[in-house]
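Coordinate analysis (summary)
In case you want the letters, here they are:
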Amino acid sequence: MALEHALLVALREQPASGLELTRRFGRSIGYFWPATHQQIYRVLGRMEGDGWVHATTVEQTGRPDKKVYEVSATGEQALAEWLATPTTPHPLRSELAVKMRGASFGNRAAVLDVVRADLAEHRARLAHYEQLTARDYPDPTTLSDLELDQYLVLRGGVLTEQTWVTWLTEYLEAHA
């Protein structure tokens, strides 16, 4: 996947300026496909050049004009083709897991500190995802289409973080 595809999805959900996309990424897609504002602006320019998006200039009072991007017909086709392309499962690639496995060969106390720090990050992320779930999707049984897809992706994040928390807790308890 390329950042282009993540931007196409975000723009299909709602047209936006580069700044608005950057803010939205920080609250949604960026949890699993992070991008800096420089990357987003650079890729938007390339996408506009390739005809995947078109921009409308919006005049603003007291601020520079902004460009609002929308997906073009060519971009819709590119997104549809990408969505239909099979995705190969990616194996877990974790530096932390290698450190945990190799802890017997070095400073176990230092590795346990690393595990504790990662566990704290995963707990914080899990709490945030659970807060988003409660706020945005109090009754998932009523969801359909785009909202259901958004909820299920968030649910995947919750389950992933729960797995990390369980695994790292188990590792720490085993070495207590």
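Before reading on, note that the structure itself is shown above.
Residues numbered from 1 in each chain as written. Predicted model: local features only at pLDDT ≥ 70, side-chain atom pairs only at ≥ 80, totals over all residues. Heavy atoms only, no water.

**Here we look at the overall build of the protein**
Regarding its fold elements, the protein presents seven helices and two strands. Counting from the amino terminus, the protein carries its helices and strands in the arrangement α-α-α-β-β-α-α-α-α. Expected size for 176 residues packed as a compact globule is a radius of gyration near 16 Å; at 20 Å, the protein overshoots this value by more than 25%. For the protein, the spread of C-alpha atoms along the three principal axes comes to 60 × 40 × 40 Å. The burial tally for the protein puts 31% of its 176 residues in the buried class. Here the analysis covers contacts within the protein between residues at least 6 apart in sequence; of these, 56% occur between residues at least 24 apart. For the protein, the exposed area adds up to about 11600 Å²; of that, 54% sits on carbon and sulfur atoms. Distance between charge centroids for the protein: 7 Å, based on 18 positive and 23 negative side chains. (Helix = DSSP H or I, 4+ residues; strand = E, 2+ residues; numbered from the N terminus. Rg over C-alpha atoms; globule rule 2.2 N^0.38 Å. Buried < 20%, exposed > 50% of the residue type's maximum accessible area, 1.4 Å probe, protein only. Contact = heavy atoms within 4.5 Å. Areas by Shrake-Rupley, 256 points an atom, 1.4 Å probe, with all protein chains shown as cover. Lys, Arg positive; Asp, Glu negative; His and termini not counted. Charge placed at Lys NZ, Arg CZ, Asp CG, Glu CD.)

**Quick notes on a nonpolar patch on the surface**
Taken together, Tyr31, Phe32 and Val153 make up a surface patch of nonpolar side chains, about 280 Å² in accessible area. Following the sequence through the fold, Val153 ends up in helix α7 (residues 145–174). (Patch = residues over 30% accessible without salt bridge, like charges linked within 9 Å, V, L, I, M, F, W, Y side chains within 5 Å. Salt bridge = Lys/Arg side-chain N within 4 Å of Asp/Glu carboxyl O.)

**Quick word on the pattern of salt bridges**
Taken as a whole, this structure holds eight salt bridges when the rule is applied. Where Arg125 meets Glu161, a salt bridge forms, and the shortest distance between an N and an O atom there is 3.2 Å. Linking Arg125 in helix α6 (residues 108–136) with Glu161 in helix α7, this pair joins segments that are 36 residues apart in sequence. Relative accessible area serves as the criterion here: at 5%, Glu161 is assigned to the buried category.

**Thoughts on helix α2 (residues 18–27)**
Those residues of α2 that fall on the buried side of the exposure criterion are Gly18, Leu21, Arg24 and Phe25. One face of α2 carries all of its buried residues, which in axial projection span an arc of 120°. In α2, the exposed positions that point more than 90 degrees away from the buried face belong to Arg23, Gly26 and Arg27. On its buried side, α2 packs onto α1 (3–13), α3 (37–50) and β2 (66–71). (Arc of directions from axis to C-beta.)

**Points about the packing of α1 against α2**
Two elements in contact, α1 and α2, have axes separated by 11 Å at closest approach and are oriented at 100°. If you check the angle between α1 and α2, you find them roughly perpendicular. Side by side, α1 and α2 meet where Leu3, Ala6, Leu7, Ala10, Leu11 and Glu13 of the first sit next to Leu21, Arg24 and Phe25 of the second. Considering only residue class, the contact of α1 with α2 consists of seven nonpolar, no polar and two charged. (Axes fitted to C-alpha atoms, helices over the stretch in contact; angles between N-to-C directions. Parallel < 35°, antiparallel > 145°, perpendicular 65-115°, else oblique. Nonpolar A, V, L, I, M, F, W, Y, C, P; charged D, E, K, R; others polar.)

**As for the nonpolar core**
Counting residues in hydrophobic clusters, the biggest one holds 20 residues, and the most contacted among them are Leu96, Met100, Val115, Leu168 and Tyr171. Elements represented by at least two residues in this core include exactly α5 (95–102), α6 and α7. Of the residues forming this core, the biggest block, eight residues, is contributed by α7. If we ignore the near neighbours within four places in the chain, the residues touching Leu168 are Leu96, Met100, Val115, Asp118, Leu119 and His122. Among the nonpolar cores identified, the runner-up in size contains 18 residues, and Leu7, Ile40, Val43 and Leu44 belong to it. (Core = buried A, V, L, I, M, F, W, Y, C linked by side-chain atoms within 4.5 Å.)

**Side note on unusual backbone geometry**
Backbone geometry at Asp145 places phi at a positive 50°, although glycine is not the residue there. As for its position among the elements, Asp145 is in helix α7. You can call Asp145 exposed: its relative accessible area is 63%.

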